[in-house]
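The lines below spell out each chain.
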Amino acid sequence: MNLPAKINTIQAINQALDDAMAADVNVIVLGEDVGDREEGGIVGVTRGLSSKYGDARVRSTPISEQAIIGAAIGAAIVGMRPVAEIMLMNFTTVAMDMIVNHAAKLRFMSGGQTHVPMVIRTMTGAGFGTGGQHADYLEAWFAHTAGIKVVAPSSPADAYGLMLSAIEDDDPVLFIENMPTYWTPGPAPERGVKIPLGKASILREGTDVTLISYSRRVLDCCAVAEKLAAEGISAEVIDLRTISPLDTETFLASVAKTGRAVIVHEAVKPFGVGAEIASLIYESLYGQLKGPVQRVGSNYAPVPFSKPLEDAHVPSLEQIEVAVRATFK
Amino acid sequence: MTAAIPDGEILVGIYRRMTRIKQNDERFRAVLKSGKLVMPYYSPRGQEVIPSAVSACLDDEDYICTIYRGVHDMIAKGIPLNDLWAEFGGRATGTCKGKGGPMHVTHPGTGVMVTTGIVGSSMPIANGLALAAQIRGEKRVSVAYFGDGASNIGAFHEALNMASVWKLPVIFVCQNNGYGEHTKYANSTAVANIAQRAASYSMPGITVDGNDPVATYLAAREAVDRARQGLGPSLIEAKTFRFHGHVFGDADAYMDKGEKDAWMAKDPVPLFRNWLIKTGLASEDQLATLEAAIELEIDEAVEFTLNSPYPDLAELHRDIYKDEVNV
Ligand SMILES: Cc1ncc(C[n+]2csc(CCOP(=O)(O)OP(=O)(O)O)c2C)c(N)n1
Ligand SMILES: [Mg+2]
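Every chain begins its residue count from 1, and numbering advances along the sequence as written. Labels follow written order: the first chain is A, the first ligand is 1, and so on. Whole-chain, interface and lining totals are the exception, using all residues; otherwise, since this is a predicted model, local features are given only for residues with pLDDT of at least 70 and side-chain atom pairs are given and counted only at 80 or more. Hydrogens and waters are ignored; side-chain quantities use all the structure's heavy atoms.

A. Broad picture of the overall build of chain B. Looking only at helices and strands, chain B has 10 helices and eight strands in total. Since a compact globule built from 327 residues should have a radius of gyration of about 20 Å, the 19 Å found for chain B is in line with a globular shape. Summarising its shape, the C-alpha atoms of chain B cover approximately 55 × 50 × 40 Å along the three principal directions. The buried label goes to any residue with under 20% of its type's maximum accessible area, the exposed label to any with over 50%, and the partly exposed label to all in between, with areas taken from a 1.4 Å probe on protein chains only. Relative to its 327 residues, chain B shows a buried fraction of 58%. Contacts: residue pairs with any heavy atoms within 4.5 Å of one another. Once local pairs closer than 6 in sequence are excluded, the contacts in chain B between residues at least 24 apart make up 74%. When the accessible surface of chain B is summed, it comes to about 12,600 Å², and 53% of that surface belongs to carbon and sulfur atoms. Under the counting rule used here, the positive set is Lys and Arg, the negative set is Asp and Glu, and His together with the chain ends is not counted. Every charge is mapped onto a representative atom, which is NZ of Lys, CZ of Arg, CG of Asp or CD of Glu. Of the side-chain charges in chain B, 32 are positive and 40 negative, and the distance between the mean point of each set is 2 Å. Comment: elements are numbered from the N terminus, with helices defined as DSSP H or I runs of at least four residues and strands as E runs of at least two. Atoms counted for the radius of gyration: C-alpha only. Globule rule: 2.2 Å times residue count to the power 0.38. All accessibility values rest on the Shrake-Rupley procedure with a 1.4 Å probe; residue burial counts only the protein chains present in the view.

B. Looking closely at the site of ligand 1. Residues and elements named next belong to chain B. Taken together, 15 residues surround ligand 1, and among them Tyr68, Arg69, Asp148, Gly149 and Tyr179 come closest. The definition of a polar contact used here is a pair of N or O atoms within 3.5 Å, where within protein one atom must be able to donate a hydrogen and the other to accept one, and adjacent residues in sequence count solely through side-chain atom pairs. In this structure, an oxygen atom belonging to ligand 1 sits 3.0 Å away from a main-chain N or O atom of Ala150. One of the side-chain N or O atoms of Glu181 is found 3.1 Å from a nitrogen atom in ligand 1. Calculation on ligand 1 without its partners gives an accessible area of 580 Å², and the protein chains cover 73% of this total. Residue polarity is assigned by list, with Asp, Glu, Lys and Arg as charged and Ala, Val, Leu, Ile, Met, Phe, Trp, Tyr, Cys and Pro as nonpolar; anything else, Gly included, falls into the polar class. Grouping the amino acids of the shell around ligand 1 by side-chain chemistry returns six nonpolar, six polar and three charged. Summary of the distance rule: residues count as near a molecule or strand when at least one heavy atom falls within 4 Å of that molecule or strand.

C. Seen up close, unusual backbone geometry. Following Ser244(A), the chain continues into Pro245(A) via a peptide bond in cis, with omega recorded as 0 degrees. For Lys167(B), which is not glycine, the phi torsion reads 50 degrees and is therefore positive. Summarising the element assignment, Lys167(B) is placed in the loop between α6 (154–165) and β4 (170–176). Assessed through its relative accessible area of 47%, Lys167(B) is described here as partly exposed.

D. Expanded view of the domain arrangement of chain A. Residue and element names in this part refer to chain A. Residue ranges for the domains trace back to a domain assignment, done automatically or taken from a database. Structurally, chain A comprises domain 1 (6–187) and domain 2 (201–326). Spacing between the C-alpha centres of domain 1 and domain 2 amounts to 26 Å. Residue-level contacts link 26 residues of domain 1 with 22 residues of domain 2. Computed with a 1.4 Å rolling probe, the buried area is the accessible surface lost when two parts are put together, summed over both parts. In this assembly, domain 1 packs against domain 2 so that about 2,000 Å² is buried in total across both faces, 55% of it on carbon and sulfur atoms. Together, Ala126, Tyr137 and Ser154 form the three largest contributors to the area buried by domain 1 at its contact with domain 2, with a combined 25%. Salt bridges are identified by distance alone: a Lys or Arg side-chain nitrogen within 4 Å of an Asp or Glu carboxyl oxygen. Where domain 1 touches domain 2, the interface holds one salt bridge. Notably, a salt bridge pairs Arg241 with Asp158, separated by 2.9 Å at the nearest N-O pair.

E. Looking closely at the pattern of salt bridges. Within the structure shown, the criterion is met by 45 salt bridges over all chains. Here Lys227(A) makes a salt bridge to Glu321(A), at a shortest N to O gap of 2.7 Å. Residue Lys227(A) is found in helix α8 (residues 217–229), and its partner Glu321(A) is found in helix α12 (residues 317–326); the two are separated by 94 residues along the sequence. Residue Lys227(A) is classed as partly exposed on the basis of its relative accessible area of 46%. One network of salt bridges, with partners in common, ties together Lys97(B), Lys99(B), Glu315(B), Arg318(B), Asp319(B) and Glu324(B).

Here it is, written out as structure tokens:
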């Protein structure tokens, strides 16, 4: 079956899960409300799967995040490929033991005798007025943990191709979906085509400055690059796609060319992924840089509820632009 | 009880496991004292009956998830001693190439799937092992071992509820030794018996004398049969006592005077040995021969460990992900 020319991220991930389940009986889906009896997920990402593949393989769970991840780990150790949904990224906090102490470490601690080929799908992002406990970007915590991969797509097509790879991957993968852009349509992916984990994509080529981002804020970087082009500033935009493992090679090559770098993410700036990338750039390219590396992230505070505060909390196009100009100083 | 009193062969098999645990534990402590090995060691001495009786109901293909105090569970399940000892010694020849250590032994060949150092975490993962078996229509069962203290952790409640809702082939075996680290059971736990908690999750819950091999075997037999028949999980609370405190070197100052001595006076290993001989199920000679053979096996495991190399430093970069990383 061919896809329509444009689809959104909900449809893209649904299609990826469907294709993966059709291809491999070991792929199972579990999480709160994921079954069709419960409407196939609160935004419908898993809709239709339990009707098609049965309640044994698509399981709505109790509201028990430790038990969800624990069940996925146990099943994965003995060869299944579970896709566990933790509804919102903030809810990973109640399953941190399972994710960090177990999923990420069992391959190492067992000396390679067992491994945990599972995917944890989770959504997040500010913009819907969900306040302090439903919109955080916590990817740095997981990227800081050896043994788990972290993926954060910025488009429907990438979400599809990266999800296929994540399910096929033999290590645990945390797959971050941005909620406010779930419904944004984009060009449809080619069915069955995987996007490798750990490979960034250069969305726009440029010569003066490199913008490095992932997830939703890639869209902002593209918008700023477009605007600056009118003034004669040529910005290269790199979508990391995967945060861990990090495609250091691609962004270092780009910054070696442009001599300037800005890292943009929705997570708060201090101690974030941007700090790691900035360090890697300085370690490799010190002396070749034409200006200081800049970081743009959310305000160092919980995500606020009130609309004007929420809008001011996350990175703005203006902040990204100011950061770009700062690299020219 | 639907199960019948076990026959002599099963009972001697339980004793074989028990004495194997006791003899290994004695050697581990002796070797630690000598300084030849250094590790955090959580002695299971006094708790030999529980996994020995449970394992008499299990096959190699059945899975267990155990905890830092789990060497008895592994030995009862049949883990090879050389590999076990070498892992405890941090040697390249250990089950996990020395990368797991005493708190993280894995040996899939004998169904030892996960050993965790996090209180309560054996249960959610045992569910997953059981879930895979259920989806695939396999007959194997999973056992989660844990302590009394672990029944106060959220993971226990989440796991029991999920196992019951999904009728998973899992047996939750709580080894209630009366203490969680230095805290007495009654000062931390709101129920008289942990088995009561099974009622909240609509599964059978039974409290047994965990130092009585026959009672523990019968409880395990019923729970394992139930799980194998697809009837769902059970909770077994086996009451027992640990003879050597929480961790090697424990001063026991938090215990009542005489409490430990009273339990040690009822040491389940010699008690069961005498009972087997008295009832004619085994002879003194037979058991002495069996114990001597285990002693030789342990001699060999210690030798093997002390003569084994430490892991290559390249192991630092292996088994983190499937592909080697060197960030
Ligand atoms: C989540 C967690 N909290 C605390 C500890 C520290 N700790 C290790 S063992 C233990 C006591 C557990 O008691 P129990 O479950 O009764 O098992 P036992 O040691 O008596 O066999 C504690 C508190 C831990 N390992 N994990
Ligand atoms: Mg205890």
